[in-house]
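Structure assessment
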Amino acid sequence: MSLLAKSEENARPRLRKADRRSQILQDLKLRPHIRISELADQFRVSTETVRRDVDELGRAGLLNRAHGGVSASAHGHYPDLDARSRECFAERERIGRRAAMLIEAGDTLMIDGGSTTMQFARFLAFNETPCTVVTNSLPIALTLGRSSAAEIILCPGEYLASESAVVGADAVEYLASHNVDRCFIGASGLSTTGLSESVRGFAAVKKTMLAHSKTHYALIDGGKFGKTGLSRVGELSTLTSIIVDRTPEPTLMTALTDANVEILIAPEGEHD
C-alpha cells in the first residue's frame, strides 16, 4: 500500500462497536469464513476487540467461532415476526391475556412491536378497555383498531419490513415527545444482566419507551430466560414487572427479586 493510500485509510473514522458488529454480519453474507486478524485490520482495532465483538455475536447465535476466525451461523439471523409468531403460541397467548388484565380505563400506554406484544394487543382489543396507545408496530395498531375504545397513535420512522414496525431516529424522537402511564415491551433475551434485543433498531425504541413511562412491563416467554441478544436494553432494575408463562430458574429469580421486579406468571387453562 502506498503512503497516500495508508494516509487515506488512517483518515477514515473508526466504526463504533454496534457498526462493527453489523458489518461483520454483512461480510459473512458474502464470505463463509473470515479470520479475526482480517477483521482487526479492516476495522483498525486490536484482535482482542474483534474477539469481544464476535463473542457477543456468538452468544446471540448470530455467528460461529471457527479455526481462528468466524463463520456464518446455520441460524445466523433472528427469526422475523411471522416466524416468531408461530412459535410458543399458547405461551404468548397466556402472557398477552394476563397483561391485558392490568389495563384500566383511561390508561395511556406504549407498546412496542413483537410477537408477544401482539397477543397483548389482541386481548386488549377484545376487552374493549378505553385507553390511548402509542406504538411503533403496524400490526398492533391494526389489531387495536378493531376496538372502538382504543385511541391509537402510530409512530413515524424507518419501516422495518421483517417486523412490520418502524425504527430509527424519527421513531425514537416521536416516542420521546410523549409520556404515558405504562409501557409494555418484549425482548429477545432476559438474563441476570437485564433485557436484550436482536432486532435491528428495537433496542433504542424500547429504551425510549422505558424512559417515558411511569411503570414498565416486559412480556417474556420462558424460552428467552438466560438468553442475551445483540443489544442491551436495560438492567433488571429498569423494570416494574415481568409477565411470564413460567417461573424463572433460581439464579434469574434471585436477580429479579434483588432488583425488586414483580413476577407475574400467566395462569394455564384459560380460553377465549
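Bear in mind the structure is a predicted one, so any value in this text is a computation, not a measurement.

What counts and how
- Residues numbered from 1 in each chain as written.
- Predicted model: local features only at pLDDT ≥ 70, side-chain atom pairs only at ≥ 80, totals over all residues.
- Heavy atoms only, no water.
- Helix = DSSP H or I, 4+ residues; strand = E, 2+ residues; numbered from the N terminus.
- Contact = heavy atoms within 4.5 Å.
- Patch = residues over 30% accessible without salt bridge, like charges linked within 9 Å, V, L, I, M, F, W, Y side chains within 5 Å.
- Areas by Shrake-Rupley, 256 points an atom, 1.4 Å probe, with all protein chains shown as cover.
- Salt bridge = Lys/Arg side-chain N within 4 Å of Asp/Glu carboxyl O.
- Buried < 20%, exposed > 50% of the residue type's maximum accessible area, 1.4 Å probe, protein only.
- Arc of directions from axis to C-beta.
- Pairing = 2+ DSSP bridges.
- Axes fitted to C-alpha atoms, helices over the stretch in contact; angles between N-to-C directions.
- Phe/Tyr/Trp six-rings, centres within 6.5 Å; stacked < 30°, edge-to-face > 60°.
- Core = buried A, V, L, I, M, F, W, Y, C linked by side-chain atoms within 4.5 Å.

Attention now goes to the overall build of the protein. Along its length, the protein carries 11 helices and 15 strands. Partitioning the contacts of the protein with sequence separation of at least 6, the portion at a separation of at least 24 is 62%.

For the rest of this paragraph, the subject is a nonpolar patch on the surface. Taken together, the side chains of Leu138, Leu142, Leu154 and Tyr159 make up a nonpolar region of the molecular surface, amounting to roughly 390 Å² of accessible area. Here Leu138 shows up in helix H8 (residues 138–144). Classification of Leu138 by relative accessible area gives partly exposed; the value is 36%.

For the rest of this paragraph, the subject is the pattern of salt bridges. In total, this model carries 11 salt bridges according to the counting rule given. For the salt bridge of Arg20 with Asp53, the shortest nitrogen-to-oxygen distance reads 2.7 Å. Linking Arg20 in helix H2 (residues 17–30) with Asp53 in helix H4 (residues 47–59), this pair joins segments that are 33 residues apart in sequence. Considered together, Arg20 and Asp53 belong to a single accessibility category, that of buried residues. When the shortest N-O distance is used, the salt bridge between Glu93 and Arg122 registers 2.9 Å. Of this pair, Glu93 sits in helix H6 (residues 89–100) while Arg122 sits in helix H7 (residues 115–127); the two residues are 29 residues apart in sequence, bridging distant segments of the chain.

Those residues of helix H3 (residues 36–43) lying buried are Ile36, Leu39, Ala40 and Phe43. The buried residues of H3 occupy an angular sector of 100° when projected down its axis, which confines them to one face.

Now for the sheet that holds strand S6 (residues 150–154). Spatial strand order, S6-S5-S4-S9-S12-S14-S15: seven strands in an open sheet with parallel pairing. A single partner strand is all that each edge strand has here, and the edge strands are S6 and strand S15 (262–265). Direction aside, neighbouring strands of the sheet carry axes that sit 20° apart on average. As paired strands, strand S9 (residues 180–185) and strand S12 (residues 213–220) are joined by five bridges and run parallel to one another. Residue pairing for S12: Phe184 is matched across the bridge by Tyr217.

What follows covers the packing of aromatic side chains. Enumeration according to the criterion identifies two aromatic pairs in this entry. Residues Phe120 and Phe184 carry aromatic rings whose centres are separated by 4.4 Å and whose planes lie at 35° to one another, so their mutual orientation is tilted. Of this pair, Phe120 sits in helix H7 while Phe184 sits in strand S9, placing them 64 residues apart in sequence. Looking at Phe120, the relative accessible area reads 0%, which means it is buried. Its relative accessible area of 0% is what places Phe184 among the buried residues. Their ring planes at 5° and their centres at 4.6 Å tell us that Phe184 and Tyr217 sit as a pair that is stacked. Of the two residues, Phe184 is situated in strand S9 and Tyr217 in strand S12; the sequence distance between them amounts to 33 residues. Judged by its relative accessible area of 7%, Tyr217 falls in the buried class. A connected cluster of aromatic rings, assembled from ring pairs, spans Phe120, Phe184 and Tyr217.

Further remarks concern the pairing of S12. Of all eight residues in S12, six are buried, a share of seventy percent or more. With four bridges connecting them, S12 and strand S14 (residues 241–244) associate as parallel partners. Paired with Ala218 across the bridge in S14 is Ile242.

Okay, the nonpolar core next. Leu190, Leu195, Ile220 and Ile242 are the most contacted members of the largest nonpolar core, which totals 35 residues. Counting only elements with at least two residues in this core, the list comes to strand S8 (165–167), helix H9 (169–176), S9, helix H10 (202–211), S12, S14 and helix H11 (250–258). Considering each element in turn, this core owes the most residues, five residues, to H10. Those residues in contact with Ile242 that sit more than four places away from it in its chain are Leu190, Ala218, Pro248, Leu256, Val261, Glu262, Ile263 and Leu264. Counting 23 residues, the second largest nonpolar core, distinct from the first, contains Val133, Leu144, Ile243 and Ala266.

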